[in-house]
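Below are the chains, spelled out letter by letter.
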Amino acid sequence: MTEAHGAVAAPAHPPEIPNLITLITHWMPEGPAKHFLHTWENALFAFVIVGIVGGLMALAARRVAMRPGRGQMLAEIVIEGLEELVCGVLGKEHGRRFLPFLGTLFLFILAMNLAGLVPGLKSPTSRFEMTFSLALCVFFCVQWTAIKSYGFFGYLYHLMNEPKDPVGWALAPLMFFIETVGEIVKPVSLALRLFGNIMGEDTLLGVFVVLGAMTFAWSKLPIGIPLHLPFVLLAIIFSIVQALVFTSLSMIYIYTKLPHEQHAGH
Amino acid sequence: MEILAQFVVNILAFVLLLLILKKFAWGSLLKLIDDRRAKITSEFESIERTRAELEKLKTDYQKHLDRIEEEARAKIQQAVDEGRRVGAEVEESARAHAREVLEKSKEAIALEVAKARLELKDQVVDLAIQATHKVLQQHLDEETDRRMIEAFIKEINAVEKGNG
């Protein structure tokens, strides 16, 4: 709480609910360990979330059976839901091919978004480094799909808006530039949207936690009001929506790079 | 440089989760879901096949039942016809027998009547002879004759009543 209070006092950084690492570093002396924890805080939480999500899924899939237990049933509901979402847009064949990537992306982002609501954890997606890293993954996946669909030179030709006459060829460099910028802007917009929403959500929660903590500050007693609770439900909805938006847009970017005859098929 | 390292580490975290989920979620669980779907589909097809077979069996059974009912109805009708025929025969036979008995009775009655007439005739003759004898033996006066003749007629009537 002190950290959050301190964050309010220093407006250069948005206020955040304290997590385990901020609490640890608060009591640590200045040094390389403290600097390391501060620098790699998000990455550490990302790996913690990888462990939690991966561990839960491994636990659910430990003893798979035709008649599933509760854990397996829950995991199957999630997997089937994602499969329906992805295959519904990309079609059965391509959907199955991209399901691991898009499904993992959704689960990872959702878990990271929700982590901000768990005491002691933090949303790594509230930092641009994480959202940009994920957007980079999407960017490479989309470009790789495009090159596989069109061929390397075919894709370059496609980026030039497929000119067929002298006018088209004359405009080709301009079109190439515009299309390339468009391709770069797509992941950047993905990253910024997710980062902005989750950062805003965490900041809102942080501000209300600080306000709640400061309500009875005059009494010098360690008590407060959980003013942030009404926003927790909102944060849960936002977390799901943002994970869905990121995944859906990634799916659509991939879809636009699939061979044309596949487009016609849907 | 530090931010680049963070990008790489974050991507590594994602790739690590991708690999873990590929092994468990997108591997075994998705395969299980596919297997279950295939099993459910095949079981539904099997149920459909069984249902079609049952429908066919039911139709056959109904046809068989209808045939049996038809045969039973025909047999009952045949038995009824046979009964009617036998009844008619029995009735006809009884009527013929009755007619025969009646005819025989009529013949016997006619014979008895003829026989009685003959007997009556003989008796009348005998009485006439007796009366003649008496008249011849006791011819006294007109009054006596009249009494004798009346007595004779009474006797004849008594004889007739006795035969009748």
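Residues numbered from 1 in each chain as written. Chains lettered and ligands numbered in written order. Predicted model: local features only at pLDDT ≥ 70, side-chain atom pairs only at ≥ 80, totals over all residues. Heavy atoms only, no water.

A.B. asks: Would you mind showing me how to read the overall build of chain B here?
C.D. replies: A tally of regular secondary structure across chain B gives two helices and zero strands. For 164 residues, the compact-globule estimate of 2.2 N^0.38 gives 15 Å, and chain B exceeds it by more than 25% at 61 Å. Each principal axis of the C-alpha atoms in chain B carries an extent, and together these give about 195 × 25 × 15 Å. In chain B, which comprises 164 residues, the proportion classed as buried is 13%. For chain B, the exposed area adds up to about 13200 Å²; of that, 61% sits on carbon and sulfur atoms. Distance from the positive charge centre (28 side chains) to the negative charge centre (32 side chains) of chain B: 11 Å. (Helix = DSSP H or I, 4+ residues; strand = E, 2+ residues; numbered from the N terminus. Rg over C-alpha atoms; globule rule 2.2 N^0.38 Å. Buried < 20%, exposed > 50% of the residue type's maximum accessible area, 1.4 Å probe, protein only. Areas by Shrake-Rupley, 256 points an atom, 1.4 Å probe, with all protein chains shown as cover. Lys, Arg positive; Asp, Glu negative; His and termini not counted. Charge placed at Lys NZ, Arg CZ, Asp CG, Glu CD.)

A.B. asks: What should I look at first to understand the environment of Gly182(A) in this one?
C.D. replies: Assignment of secondary structure puts Gly182(A) in helix H8 (residues 166–214). Through-space distance from the C-alpha of Gly182(A) to that of Leu159(A) is 9.9 Å; in sequence the pair is 23 residues apart.

A.B. asks: Would you mind going over the interface of chain A and chain B with me for this structure?
C.D. replies: Often, the extent of an interface is quoted as the loss of accessible area on bringing the components together. Across the contact, 40 residues belong to chain A and 28 residues belong to chain B. Contact between chain A and chain B buries roughly 3300 Å² in total, counting both sides, with carbon and sulfur atoms accounting for 78%. Our enumeration of links across chain A and chain B arrives at four salt bridges. The partner of Glu80(A) in a salt bridge is Arg37(B), and the shortest N-O contact between them spans 3.2 Å. (Contact = heavy atoms within 4.5 Å. Buried area = accessible area lost by both parts, 1.4 Å probe. Salt bridge = Lys/Arg side-chain N within 4 Å of Asp/Glu carboxyl O.)

A.B. asks: What's the story with empty space enclosed by the protein in this structure? I'm lost.
C.D. replies: If you roll a probe as big as a water molecule over the atoms, it shows you where there is empty space left. All names here are of chain A. By the definition in use, this model includes two cavities of 30 Å³ or more. Volume-wise, the largest cavity comes out at about 80 Å³. Residue lining of the largest cavity: Glu 16, Ile 17, Asn 19, Gly 116, Leu 121, Lys 122, Ser 123 and Asp 202, and that is the complete set. Classifying every residue of the lining of the largest cavity gives two nonpolar, three polar and three charged. Computed from the structure, the second largest cavity encloses a volume of approximately 40 Å³. The wall of the second largest cavity is formed by Val 138, Phe 139, Val 142, Gln 143, Glu 183, Lys 186, Pro 187 and Tyr 253. Those elements giving two or more residues to the lining of the second largest cavity turn out to be helix H6 (128–150) and H8. Its residues assigned to classes, the lining of the second largest cavity comprises five nonpolar, one polar and two charged. (1 Å grid on protein atoms, 1.4 Å probe; cavity = no way out; pocket = protein on both sides within 12 Å on 5 of 7 lines; lining within 4 Å. Points joined across faces, edges and corners; volume = space filled by probe spheres on them. Nonpolar A, V, L, I, M, F, W, Y, C, P; charged D, E, K, R; others polar.)

A.B. asks: Got a minute to help me understand unusual backbone geometry in this structure?
C.D. replies: Glycine aside, negative phi is the norm for most residues, and most peptide bonds take the trans geometry. Residue and element names in this part refer to chain A. Phi angles above zero are rare outside glycine, and Asn 161 is one such case at about 70°. Secondary-structure assignment places Asn 161 in the loop between helix H7 (152–159) and H8. For Asn 161, a relative accessible area of 46% puts it in the partly exposed group. Of note in this structure, Glu 162 is not a glycine but carries a positive phi near 50°. For Glu 162, a relative accessible area of 29% corresponds to the partly exposed category.

A.B. asks: How should helix H4 (residues 41–60) of chain A be read in this particular structure?
C.D. replies: With 20 residues, H4(A) extends 28 Å from end C-alpha to end C-alpha; this agrees with the ideal 28 Å at 1.5 Å per step. The elements touched by buried residues of H4(A) are helix H2 (20–27), helix H3 (32–39), helix H5 (70–115) and H6 of chain A together with helix H1 (2–137) of chain B. (Expected span 1.5 Å × (residues − 1).)

A.B. asks: For this particular structure, what's the right way to read the packing of H6(A) against helix H9 (residues 229–256) of chain A?
C.D. replies: Geometry of a packed helix pair, given as the angle between the helix axes and the separation of the axes. Residues and elements named next belong to chain A. Taken N-terminus to C-terminus, the directions of H6 and H9 make an angle of 20°; their axes are 8 Å apart at the nearest point. Considering the angle they form, H6 stands roughly parallel to H9. The crossing of H6 and H9 is right-handed. Contacts between H6 and H9 involve Thr 131, Leu 134, Ala 135, Val 138, Cys 141, Val 142, Thr 145 and Tyr 150 from the first element and Phe 246, Ser 250, Tyr 253, Ile 254 and Thr 256 from the second. (Axes fitted to C-alpha atoms, helices over the stretch in contact; angles between N-to-C directions. Parallel < 35°, antiparallel > 145°, perpendicular 65-115°, else oblique. Left-handed = near helix turned anticlockwise from the far one by under 90°.)

A.B. asks: Would you take a moment to explain a nonpolar patch on the surface for this structure?
C.D. replies: Residues and elements named next belong to chain A. Taken together, Leu 204, Leu 233, Leu 234, Ile 236, Ile 237, Phe 238, Ile 240 and Val 241 make up a surface patch of nonpolar side chains, about 640 Å² in accessible area. The dominant element in the nonpolar patch, judged by the number of residues it contributes, is H9, at seven residues. Turning to its location among the elements, Val 241 is positioned in helix H9. (Patch = residues over 30% accessible without salt bridge, like charges linked within 9 Å, V, L, I, M, F, W, Y side chains within 5 Å.)

A.B. asks: Even after reading the chapter, I still don't get the packing of aromatic side chains, so can you show me in this structure?
C.D. replies: All names here are of chain A. Across all of its chains, the model carries twelve aromatic pairs over all chains by this definition. On the basis of an interplanar angle of 40° and a centroid distance of 6.0 Å, the ring pair of Tyr 157 and Trp 169 is categorised as tilted. Here the residue Tyr 157 occupies a position in helix H7, and Trp 169 occupies one in helix H8, the gap between them amounting to twelve residues. We classify Tyr 157 as partly exposed; its relative accessible area is 28%. Since its relative accessible area comes to 45%, Trp 169 is described here as partly exposed. A ring pair is formed by Phe 216 and Trp 218, whose centres lie 6.3 Å apart and whose planes are at 55°; its orientation type is tilted. What makes Phe 216 partly exposed here is its relative accessible area of 28%. Overall, the relative accessible area of 65% leaves Trp 218 in the exposed class. (Phe/Tyr/Trp six-rings, centres within 6.5 Å; stacked < 30°, edge-to-face > 60°.)

A.B. asks: Hey, could you run me through H9(A) in this one?
C.D. replies: In an α-helix there are 3.6 residues to a turn, and that puts residues three or four apart on one side. With 28 residues, H9(A) extends 41 Å from end C-alpha to end C-alpha; this agrees with the ideal 40 Å at 1.5 Å per step. Listing the buried residues of H9(A) in full gives Ala235(A), Ser239(A), Gln242(A), Ala243(A), Phe246(A), Thr247(A), Ser248(A), Ser250(A), Met251(A), Tyr253(A), Ile254(A) and Tyr255(A).

A.B. asks: Any chance you could explain the side chain of Lys122(A) here in plain terms?
C.D. replies: Residues and elements named next belong to chain A. Of note, Lys 122 is situated in the loop between H5 and H6. Look at Lys 122 and you get buried, because its relative accessible area is 5%. For Lys 122, the side chain forms a polar contact with the side chain of Glu 41, separated by 3.1 Å. Of note is the side chain of Lys 122, whose polar atom sits 3.4 Å from the side chain of Asn 42. (Polar contact = N/O pair within 3.5 Å; in protein donor to acceptor, adjacent residues only side chain to side chain.)

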